[in-house]
Amino acid sequence: MLDAQFVDRNGGSLLQRIRRIAAANPTPEPPGSRLAGSVLSLALLTATMSIVATAPNVSGDEEVQPKSVQHQVGPDSPEPPTNTGTLRGRVIFNGTHPPRNKIAIDKDHVALEGKELFDESLIVDTGGGVANVFIWLQDANVPAPPVDKPPPPATLRIKNLRYDPHALAMTTSQKLLVVNDDPVATSPIFPTQTNPPTSIVTPRNSKHALQFHRAERLPIPVTASVHPWLKASLLVRDNPYFAITEEDGRFEIKNLPPGEWTFQFWHESAGYLKHKTGWPKGRLGVTINEGVSDIGKIDVTYEDFDLSRTAEPEP
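Residues numbered from 1 in each chain as written. Predicted model: local features only at pLDDT ≥ 70, side-chain atom pairs only at ≥ 80, totals over all residues. Heavy atoms only, no water.

Chemist: Would you mind going over the overall build of the chain in detail, with residue names and values included?
Modeler: Secondary structure summary: the chain contains four helices and 17 strands in total. Sorting the 315 residues of the chain into buried and exposed places 38% on the buried side. Here the analysis covers contacts within the chain between residues at least 6 apart in sequence; of these, 66% occur between residues at least 24 apart. Of the accessible surface of the chain, which amounts to about 18700 Å², a share of 54% is contributed by carbon and sulfur atoms. (Helix = DSSP H or I, 4+ residues; strand = E, 2+ residues; numbered from the N terminus. Buried < 20%, exposed > 50% of the residue type's maximum accessible area, 1.4 Å probe, protein only. Contact = heavy atoms within 4.5 Å. Areas by Shrake-Rupley, 256 points an atom, 1.4 Å probe, with all protein chains shown as cover.)

Chemist: Which residues make up the sheet that holds strand S8 (residues 198-199), and what are the values?
Modeler: As summarised here, the arrangement of the five strands in space is S5-S11-S10-S7-S8, forming an open sheet in which the pairing is mixed. Since the sheet does not close on itself, it has two edges, and those belong to strand S5 (167-171) and S8, each with one partner. In this sheet, strand S11 (residues 232-237) lies alongside S5 in parallel orientation, the contact comprising five bridges. When the bridges of S11 are listed, alanine 167 appears paired with serine 233. (Pairing = 2+ DSSP bridges.)

Chemist: Which residues make up the sheet that holds strand S3 (residues 154-159), and what values do they have?
Modeler: The sheet built from four strands is open, its strands ordered S4-S3-S6-S9 with mixed pairing. A single partner strand is all that each edge strand has here, and the edge strands are strand S4 (162-164) and strand S9 (206-211). With strand direction ignored, the average angle separating the axes of adjacent strands in the sheet is 20 degrees. One ladder, built from five bridges, connects S3 with strand S6 (residues 175-180); its direction is parallel. Within S6, the position partnered with alanine 154 by the bridge is leucine 176. (Axes fitted to C-alpha atoms, helices over the stretch in contact; angles between N-to-C directions.)

Chemist: Now, about the nonpolar core: what can you tell me, with residues and values included?
Modeler: Ranked by size, the top nonpolar core spans 27 residues in total, and within it Val130, Phe263 and Phe265 carry the most contacts. Every element with two or more residues in this core is listed here: strand S1 (85-93), strand S2 (134-137), strand S13 (250-256), strand S14 (259-267), strand S16 (283-288) and strand S17 (291-300). Among the nonpolar cores identified, the runner-up in size contains 19 residues, and Leu156, Ile158, Met170 and Leu176 belong to it. (Core = buried A, V, L, I, M, F, W, Y, C linked by side-chain atoms within 4.5 Å.)

Chemist: Please provide a residue-by-residue account of the packing of aromatic side chains, values included.
Modeler: Overall, the coordinates contain four aromatic pairs when judged by the stated rule. Residues phenylalanine 134 and tryptophan 266 carry aromatic rings whose centres are separated by 5.8 Å and whose planes lie at 65 degrees to one another, so their mutual orientation is edge-to-face. Of this pair, phenylalanine 134 sits in strand S2 while tryptophan 266 sits in strand S14, and the two are 132 residues apart along the sequence. With relative accessibility at 1%, the residue phenylalanine 134 sits in the buried group. A connected cluster of aromatic rings, assembled from ring pairs, spans Phe251, Phe265 and Trp279. When the ring centre of tyrosine 272 is taken as origin, the NZ or CZ atom of arginine 283, which lies over that ring, is 6.0 Å away. (Phe/Tyr/Trp six-rings, centres within 6.5 Å; stacked < 30°, edge-to-face > 60°. Lys NZ or Arg CZ within 6 Å of the ring centre and 35° of its normal.)

Chemist: Quick one: what's the story with the pattern of salt bridges, residue by residue and with numbers?
Modeler: Using the criterion set out here, one finds nine salt bridges in the structure. Across the pair glutamate 120 and arginine 162 runs a salt bridge, and its minimum N-O distance is 2.7 Å. Note that glutamate 120 is positioned in the loop between S1 and S2 and arginine 162 in strand S4, a separation of 42 residues in sequence. Here arginine 157 ties to aspartate 181 by a salt bridge, and the two come within 2.7 Å at their closest N and O atoms. Of the two residues, arginine 157 sits in strand S3 while aspartate 181 sits in the loop between S6 and strand S7 (188-190), which places them 24 residues apart along the sequence. Take arginine 157: its relative accessible area is 32%, and that puts it in the partly exposed class. Under the relative-accessibility criterion, aspartate 181 is labelled partly exposed at 28%. (Salt bridge = Lys/Arg side-chain N within 4 Å of Asp/Glu carboxyl O.)

Here it is in structure tokens:
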């Protein structure tokens, strides 16, 4: 029965292998002696251990390798791609900087902790940098880099009766963690277009996780019915090729695939950012090569923004 059930990797049966080992270890003892039996037992044990050590896993379970082997890095390990590019630039407000008006608060003053709130629809720093401009790769079917593990969640925090950050971008592979650090409840509203619209109630000192499975065409305005001055902008994309300008107006999008790409520029108080006539609907074509593609300063003026209302982007 052993001859039929056990086959080593060289195609021989267990019994054939035992015979080969026994033949290679002749004994002068007469048949039936204890020594001969010991030699045969030793041959059987040696053959069995050899086959078990080299036999493939036939149980149906995946073979488990030690962690040091699973994560080993050596000369044969694939190198990360290096032929990627970076888009870099800076959005500058050209002219007299617009003032930021104080927001009148009519309820839940305890959450302010003595602080004051100011309008964040257009923030310009002392050097003219425009914050919270969204820039993203507009083209469809862009090759995205491989993801080894789920990315960390994006976080929208409610603190002192304001959303932090005021502008937020994330991918469809991320979760959105809404954290209410205030001692009062509020009610964030996410009027998404391609995803089902969502509204939640966030009790004081609570956390809620949301998932958006489809990319949004434009940033959405995040509001709150209980506190109408709570406002933020959220962009959801299906690739990581986006950025939001910092307080000094600078932005950078890394790991871009080389090629001819179109980038969208958008701001909550302007909609599509019309930098000049060569930018239809706030879009700029850029050739991305390996290394850094710096498009320099992007000058915008007061006329590019509508500060009298919450701007809706053009169709």
